[in-house]
Amino acid sequence: MFADESLIDIFGCRNYMEFYKYVGGSFRTMVHPDDIECVENEIAEQIRNSEDSIDRVRYRIVRRDGAVRMIDDIGRKVFTENGSSVFYVCIVDVTD
């Protein structure tokens, strides 16, 4: 998992290691627990029905300080040389 400074800031973390420890290196733990099932289903459906493997979803996150924020997420599923899949994702805080 890679995160740039803006994502680390969205989650209220000081650096990559703090962010990684907070989310446990997993997308599932980045998304608000009440939203994860719906978000995963929506992503899977959009990828299945997309010619370019792009998905667009909106969901909540819980920052390290406990604040809940609304996120727009645009991702693209790509395959590596060994056939495993990876998502490249742009996340924007749209709470305000």
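Structure: above.
Attention shifts here to the pattern of salt bridges. Inspection of every chain in the model, using the stated rule, returns eight salt bridges. Of the charged contacts in the structure, one is a salt bridge between arginine 69 and aspartate 96, with a shortest N-O distance of 3.6 Å. Of this pair, arginine 69 sits in strand E2 (residues 68–79) while aspartate 96 sits in the segment after strand E3 (85–93), and the two are 27 residues apart along the sequence. For aspartate 96, a relative accessible area of 87% translates into the label exposed. Several salt bridges share partner residues, and in doing so they unite Arg14, Glu18 and Arg64 into one network.

Right, let's get into the packing of aromatic side chains. Under the criterion given, the structure shown has four aromatic pairs. Here the aromatic residues Phe11, Phe19 and Tyr22 are joined through ring pairs into a cluster of three or more.

Turning next to unusual backbone geometry. Positive phi, normally seen in glycine, also occurs at serine 53, with a value near 55 degrees. Within the fold, serine 53 resides in the loop between helix H3 (36–48) and strand E1 (54–62).

Side chains of E1 alternate between two faces, with Asp55, Val57, Tyr59 and Ile61 buried and Ile54, Arg56, Arg58, Arg60 and Val62 left unburied. In this antiparallel pair of consecutive strands, E1 and E2, the connection spans five residues, and glycine 66 shows a positive phi of 95 degrees.

So, about the nonpolar core. Counting residues in hydrophobic clusters, the biggest one holds 19 residues, and the most contacted among them are Leu7, Phe11, Phe19, Met30, Tyr59 and Ile91. Of all the secondary structure elements, the ones that give two or more residues to this core are helix H1 (5–10), helix H2 (16–23), H3 and E1. No other element matches H3, which puts four residues into this core.

What follows covers H2. Buried within H2 we find Glu18, Phe19 and Val23. Along the long axis of H2, the arc covered by the buried residues comes to 115 degrees, so they all point the same way. Exposed side of H2, more than 90 degrees from the buried face: Met17 and Lys21 are the residues found there. Considering only its buried residues, H2 is in contact with H1. Once H2 ends, the next one or two residues include glycine 24, with phi positive near 70 degrees.

Each value, and the rule that gives it
Residues numbered from 1 in each chain as written. Predicted model: local features only at pLDDT ≥ 70, side-chain atom pairs only at ≥ 80, totals over all residues. Heavy atoms only, no water. Salt bridge = Lys/Arg side-chain N within 4 Å of Asp/Glu carboxyl O. Helix = DSSP H or I, 4+ residues; strand = E, 2+ residues; numbered from the N terminus. Buried < 20%, exposed > 50% of the residue type's maximum accessible area, 1.4 Å probe, protein only. Phe/Tyr/Trp six-rings, centres within 6.5 Å; stacked < 30°, edge-to-face > 60°. Pairing = 2+ DSSP bridges. Core = buried A, V, L, I, M, F, W, Y, C linked by side-chain atoms within 4.5 Å. Arc of directions from axis to C-beta. Contact = heavy atoms within 4.5 Å.

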